[in-house]
Amino acid sequence: MSAAQEPHAPTAPTVTLPGRPCSAAAALHVVGEKWALLAVREIFFGNHRFEAITRNTGAPRDRLAARLRSLEQAGVVERRPYNERPPRYEYHLTESGRDLAPVIRALLDWGDRWVLEDRPVVMVHEPAADARTPGEARPSGGTQPPAHAHDLDAAWICRTCGEEVVMNTLTVDVRAPGWDRSGPREPSPSDV
């Protein structure tokens, strides 16, 4: 396991979910609701204030407030004060939240390919922009990206072998006790 794949201490409370033990199910329990992921998208795009997040997601204010609270409790976002009187806060992604960037990118790519004809949002790769915080927007003032920037054409690369991953090269190794690919196994006499 590479350093980037090392497990971190969970930031969200541990929950027991029905069905197959699965990290995808646990992740969806935290961020799987539409307004939660759209709030993460907006914060990733550099919109940190509640009004901007509300406007850009189209979420009802009460629902968005509830999603932001749950994302904060799960350790995905953090509130930072920007005004003392009256108290006002901005939302910022934590390390956990920034790790959702590939999820947002994958949803954008999938939507571009299978849902919309035009690409309303394009991820731009700026190789020389590594001085910025991950997910931090390019400074305002210009609409054109720097000359060395290009539309992101990302691939899924295996860190162990360096090869691009394609679906027909993947298998599933179910490691949850009592489960296999088809579902729960019948207990064997050795399990009893």
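Look a little higher up for the structure.
Scoring rules and cut-offs
Residues numbered from 1 in each chain as written. Predicted model: local features only at pLDDT ≥ 70, side-chain atom pairs only at ≥ 80, totals over all residues. Heavy atoms only, no water. Salt bridge = Lys/Arg side-chain N within 4 Å of Asp/Glu carboxyl O. Helix = DSSP H or I, 4+ residues; strand = E, 2+ residues; numbered from the N terminus. Buried < 20%, exposed > 50% of the residue type's maximum accessible area, 1.4 Å probe, protein only. Pairing = 2+ DSSP bridges. 1 Å grid on protein atoms, 1.4 Å probe; cavity = no way out; pocket = protein on both sides within 12 Å on 5 of 7 lines; lining within 4 Å. Points joined across faces, edges and corners; volume = space filled by probe spheres on them. Nonpolar A, V, L, I, M, F, W, Y, C, P; charged D, E, K, R; others polar. Expected span 1.5 Å × (residues − 1). Arc of directions from axis to C-beta. Contact = heavy atoms within 4.5 Å. Core = buried A, V, L, I, M, F, W, Y, C linked by side-chain atoms within 4.5 Å.

Asker: Teacher, can you tell me more about the pattern of salt bridges here?
Answerer: As a working rule, side chains carrying opposite charge can pair if their charged atoms are close by. A complete count under the given rule lists ten salt bridges for this structure. With a closest N to O distance of 2.9 Å, E51 and R61 form a salt bridge. Of this pair, E51 sits in helix α3 (residues 50-57) while R61 sits in helix α4 (residues 61-73), and the two are ten residues apart along the sequence. Look at R61 and you get partly exposed, because its relative accessible area is 45%. R79 is the salt-bridge partner of E72, the closest N and O atoms lying 3.5 Å from each other. For R79, a relative accessible area of 38% corresponds to the partly exposed category. Each of D112, R119 and D151 takes part in salt bridges that share partners, so that together they form one network.

Asker: In this structure, what is going on with the pairing of strand β2 (residues 88-93)? I would like to understand it.
Answerer: Put simply, side chains in a regular strand alternate between the two faces of the sheet. Summarising the sheet, strand β1 (residues 77-83) and β2 pair through six bridges and their orientation is antiparallel. Directly across from N83, in β2, lies its bridge partner R88. Between β1 and β2, which pair antiparallel and follow one another directly, the connecting turn spans four residues.

Asker: Explanation requested: empty space enclosed by the protein in the structure shown.
Answerer: Where empty space is left becomes clear once a probe the size of a water molecule has been rolled over the atoms. As enumerated under the stated definition, the model contains one cavity of 30 Å³ or more in all. Forming the walls of the largest cavity are R105, L108, D109, D112, R119, V121, V122, M123 and L152. Of the residues that constitute the lining of the largest cavity, the class distribution is five nonpolar, no polar and four charged.

Asker: Help me out: how do you make sense of α4 in this one?
Answerer: Because the α-helix completes a turn every 3.6 residues, residues three or four places apart line up on one side. Here α4 contains 13 residues, and its C-alpha end-to-end distance of 18 Å stays within 8% of the 18 Å for a straight helix at 1.5 Å per residue. Taken together, the buried positions of α4 are occupied by L64, L68 and L71. One side of α4 holds all its buried residues, which, seen down the axis, span an arc of 60 degrees. Of the exposed residues in α4, those oriented more than 90 degrees away from the buried face are D62 and Q73. Those residues of α4 hidden inside the fold are in contact with α1 (23-31), α2 (34-44), α3, β1 and β2. At the C-terminal side of α4, G75 shows a positive phi close to 80 degrees.

Asker: What is the right way to read the nonpolar core from this model?
Answerer: Across soluble globular proteins, nonpolar side chains show a tendency to be buried alongside one another. Within the largest apolar cluster, 24 residues are counted, with the highest numbers of intra-cluster contacts made by L71 and V76. Those elements giving two or more residues to this core turn out to be α2, α3, α4, β2 and α6 (101-114). It is α2 that contributes the most residues to this core, seven residues altogether. Apart from residues lying up to four places away in sequence, V76 is in contact with V30, V31, V40, L71, H92, L93, T94, S96, G97 and L100.

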